[in-house]
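# Secondary and tertiary structure notes
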Amino acid sequence: LLCRGDKRGALGAFKDAEKLAPSGDLGGVLAWKGAVLLWSGDYAQALRLTDEAIRHEARFAYCWKGGSLVKLARYEEAIPFLIQAIALTPHDAEARGWLAEAYYGLRRFADALREADTALDQYSRYCSFHLCAVRGLTRWELGDAAGMRADFFAIPGRVCDYVGRRMRLDLKSDMGKR
């Protein structure tokens, strides 16, 4: 439902799930509801629900709590939750992407590049706009314009153009030097 733009319908689906979930499954329901809120831009509410999901021992909630903290620009606070998410689920490319973004926000570009590279190299099925954008922006900050362009050209053209406008760069031209 959320992918079709129906946030209200997506969140409404969780009402019955919360009521019907056995107590051991409630954390998972809360974690997924928190994820929907994160993906739809309600970061504070997502943070509240992922906190509650963690209290119910929902392992996937660590990733989405970390992502919510990243979106709230609370990068330092996000890192331990994202590291915990990766420890619990080593193949969690989404958690690595959020961790890369947290490091980027802290201007820890070498760490950001390492996490983005790991996610993209090991989990290529998750080669998403998010990971390509974080790695591309990190490469730009490290002075690697050619690497940045390569990552941005892996992103669909419409999205690449949008990011370029936001950065005030013509990503399709040869930027050469910074």
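Residues numbered from 1 in each chain as written. Predicted model: local features only at pLDDT ≥ 70, side-chain atom pairs only at ≥ 80, totals over all residues. Heavy atoms only, no water.

Our focus in this paragraph is the packing of aromatic side chains. Enumeration according to the criterion identifies six aromatic pairs in this entry. Between Phe60 and Trp64, the aromatic rings sit 6.5 Å apart at their centres with planes inclined by 35 degrees, giving tilted as the arrangement. Taken together through their ring pairs, the aromatic side chains of Trp32, Trp39, Phe60 and Trp64 make up a single cluster. (Phe/Tyr/Trp six-rings, centres within 6.5 Å; stacked < 30°, edge-to-face > 60°.)

Enumeration according to the criterion identifies 11 salt bridges in this entry. Residues Asp111 and Arg114 are paired through a salt bridge, measuring 2.8 Å at the closest nitrogen-oxygen approach. Here Asp111 pairs with Arg114, and both are found in helix H7 (residues 109–122), just three residues apart, close to one helical turn. Linking Arg114 and Glu115 is a salt bridge whose minimum nitrogen-to-oxygen distance equals 3.2 Å. A residue is classified by how much of its surface remains accessible, and Arg114, at 40% relative accessible area, is partly exposed. Relative accessible area serves as the criterion here: at 7%, Glu115 is assigned to the buried category. Taken together, the shared-partner salt bridges in this structure form one network comprising Arg96, Arg108, Asp111, Arg114 and Glu115. (Salt bridge = Lys/Arg side-chain N within 4 Å of Asp/Glu carboxyl O. Helix = DSSP H or I, 4+ residues; strand = E, 2+ residues; numbered from the N terminus. Buried < 20%, exposed > 50% of the residue type's maximum accessible area, 1.4 Å probe, protein only.)

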